[in-house]
Amino acid sequence: MKKASWKTKKTIGIFVCILLLVIAFIVGLMIGSYSMTPLEVIETLFGNGNKMQNFTIFQIRLPRICLAIIVASGLGVSGGILQGITRNPLAEPGMIGINAGSALAVVLFISAKTTEYYSAISTSTAVIMPIIAMIGAMLSVALIYLFAYKKGVTPVRFILTGVGINAGITAIISFYQLNMSKGDYNQVLTWTNGSLWGSNWTYIAVTAPLIFLLILVVLFKSRTLDVMGLGDELATGLGVSVQKEMIVFLALSAILAGLATSVAGNIAFLGLLGPQIAKKIFGSNHRIMLLMSACISGIILIFADTVARNLFSPLEIPVGIVVSILGVPYFIYLMIKDKA
C-alpha cells in the first residue's frame, strides 16, 4: 500500500513538474517589451501569427527559452552527478570551479578572435566555443582531482579543493578583465555572471545534441551512481571501481557544465537547486532524480530569465544574478541544516 502511494506521489510530482515547465514556457513567450496573450502565443506557434508576432516569438523569445531548457538540463544533471559522487548536497559545478574554468577558456578565446559577442559571433566561432569550454572545464576538473588526490579522492577534500580552484580562476578572470576596453569589460562581465542575451538557433543546434546525448549516457550509468551513493567501502564490495567511476562521472559532469557555460556564461547555483529539489520530491534514485532535476532546473531558469529581462526593462540584468538570489538562501539553509 505504501509502495503504491509513493508511486502515485511520484507520478503526480512528474505531472506537476511538466505542467510548470509548460507554464514557464508560455509565460516566457508572452512577457516582454512586446506583450502577447496566451492565445496569440499559441496561434503564432502554429503559424497563424502576424509579422511582428512571428519575429518576436521565432527570432527572439523561442530560441532564448529553448536554450534556457538546454543549459538548465546540462547544469542540473551536472550538479546531480557531483552531489551523487561526493555525497554532498552543496556540490555543484559553479561552486567548485568547473563553470569558472569554462568561462575563462571562452573569454580568452572570444577576446583573441573578435571583439564581438553573442549574435555577432560567426558560425565557426559558435561551433568552436563549446569545444573550448569543454577543454576549460576538463582542465579545471583535472586540477581539482590532482590537488585533492591523496591515496584516492575523498568527497570532503574534493569539495574544498574545488572551492579553492574556483576562487583562483575567478581571480584570473577579474585580473584579465582589467586589461580590456570598457565595452569589452562590460560585455564579458555580463557573460561571466550568466546571460541568455543574444541566444540563437546556431547555439541550440551545436549544444543540444551533445548535451542530451551525454544525459542519456549518464542515465544509462545511473545505477552505478546509486551504488556509489552507499559509500566507497560498500560500493567497492559490490564490485564498483570507485576511483575509476569517479573519474568517468567527473568527466561527464565537466563536459555538461562546459557546454552549458559556453553559450550562457557562468550560472551558479542552478546545479545546486535543481538536484536538491528533485531529490526531496522524487527520492535518491538517480535515474528519475536526474531527469526531474533537468526539468526543475529548466523551470527555474526560464522564470529567472523572464524576471531578468523584464524587471528593469529596457535594461537587462544577467540571469545568473537572479538565480544566485534564489540559490544563496537555499545554500545557507543547507549549511545550517548540515550543522544541525
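The structure we're discussing is the one just above.
Residues numbered from 1 in each chain as written. Predicted model: local features only at pLDDT ≥ 70, side-chain atom pairs only at ≥ 80, totals over all residues. Heavy atoms only, no water.

Draft legend 1. Highlighting the packing of aromatic side chains. Scanning the entire structure with this criterion turns up 1 aromatic pair. Where Y145 meets Y149, the ring centres are 5.8 Å apart and the plane angle is 40 degrees; that geometry is what we call tilted. Residue Y149 is classed as partly exposed on the basis of its relative accessible area, which comes to 44%. (Phe/Tyr/Trp six-rings, centres within 6.5 Å; stacked < 30°, edge-to-face > 60°. Buried < 20%, exposed > 50% of the residue type's maximum accessible area, 1.4 Å probe, protein only.)

Draft legend 2. Local environment of the packing of helix α3 (residues 51-86) against helix α8 (residues 201-220). At a closest axis distance of 10 Å, the pairing of α3 and α8 adopts a crossing angle of 25 degrees. One finds that α3 runs roughly parallel with respect to α8. Crossing angle aside, the handedness with which α3 passes α8 is left-handed. Along its contact with α3, which presents F58, L62, P63, C66, L67, I70, S73, G74, V77 and I81, the element α8 presents W201, Y203, I204, T207, A208, I211, F212, I215 and V218. Residues of the contact of α3 with α8, tallied by class, amount to 16 nonpolar, 3 polar and no charged. (Axes fitted to C-alpha atoms, helices over the stretch in contact; angles between N-to-C directions. Helix = DSSP H or I, 4+ residues; strand = E, 2+ residues; numbered from the N terminus. Parallel < 35°, antiparallel > 145°, perpendicular 65-115°, else oblique. Left-handed = near helix turned anticlockwise from the far one by under 90°. Contact = heavy atoms within 4.5 Å. Nonpolar A, V, L, I, M, F, W, Y, C, P; charged D, E, K, R; others polar.)

Draft legend 3. View of the nonpolar core. V71, F158, I267, L301 and V323 are the most contacted members of the largest nonpolar core, which has 102 residues in total. When neighbours within four sequence positions are excluded, L301 is seen to be in contact with A68, V71, A72, L196, I267, L270, V319 and V323. (Core = buried A, V, L, I, M, F, W, Y, C linked by side-chain atoms within 4.5 Å.)

Draft legend 4. Expanded view of unusual backbone geometry. Even without being a glycine, R87 presents a positive backbone phi close to 55 degrees. One can find R87 in the loop between α3 and α4 (98-113). On the accessibility criterion, R87 (36% relative accessible area) is partly exposed.

Draft legend 5. Structural view of the layout of surface pockets. By volume, the largest pocket is sized at about 420 Å³. Lining the largest pocket are 21 residues, and of these S33, I60, R61, R64 and R309 sit closest to its centre. Of all the secondary-structure elements, those providing two or more residues to the lining of the largest pocket are α3 and α13 (286-310). For the second largest pocket, the calculated volume is near 240 Å³. Around the second largest pocket, the lining comprises 15 residues; the ones closest to its centre are Q83, G84, K279, S284 and H286. Elements with a minimum of two residues in the lining of the second largest pocket: α3, α12 (270-282) and α13. The greatest single-element share of the lining of the second largest pocket, amounting to 3 residues, is contributed by α3. A per-class count over the lining of the second largest pocket returns 3 nonpolar, 9 polar and 3 charged. (1 Å grid on protein atoms, 1.4 Å probe; cavity = no way out; pocket = protein on both sides within 12 Å on 5 of 7 lines; lining within 4 Å. Points joined across faces, edges and corners; volume = space filled by probe spheres on them.)

Draft legend 6. Structural view of the packing of α12 against α13. Orientation of α12 relative to α13, taken along the N-to-C sense of each, is 125 degrees, at an axis distance of 8 Å. Relative to α13, the element α12 is oriented oblique. Where α12 crosses over α13, the two elements pack in a sense that is right-handed. Two secondary-structure elements touch here, α12 through L270, L273, G274, P275, I277, A278, K279 and F282 and α13 through I288, M289, M292, S293, I296, S297, I300 and L301.

Draft legend 7. Structural context of α12. Here α12 is 13 residues long and its end C-alpha atoms lie 18 Å apart, about the 18 Å a rise of 1.5 Å per residue gives. When α12 is considered as a whole, its buried residues turn out to be L270, G271, L272, L273, G274, P275, Q276, A278 and F282. (Expected span 1.5 Å × (residues − 1).)

Draft legend 8. Main features of the state of the cysteines. Applying the stated rule across the entire model yields 0 disulfides. Just so you know, C66 is unpaired, no disulfide at all, and the nearest cysteine sulfur is the one on C295, 14 Å from it. Cysteine C295 remains unbridged, with the sulfur of C17 as its closest cysteine sulfur at 5.1 Å. (Disulfide = S-S within 2.5 Å.)

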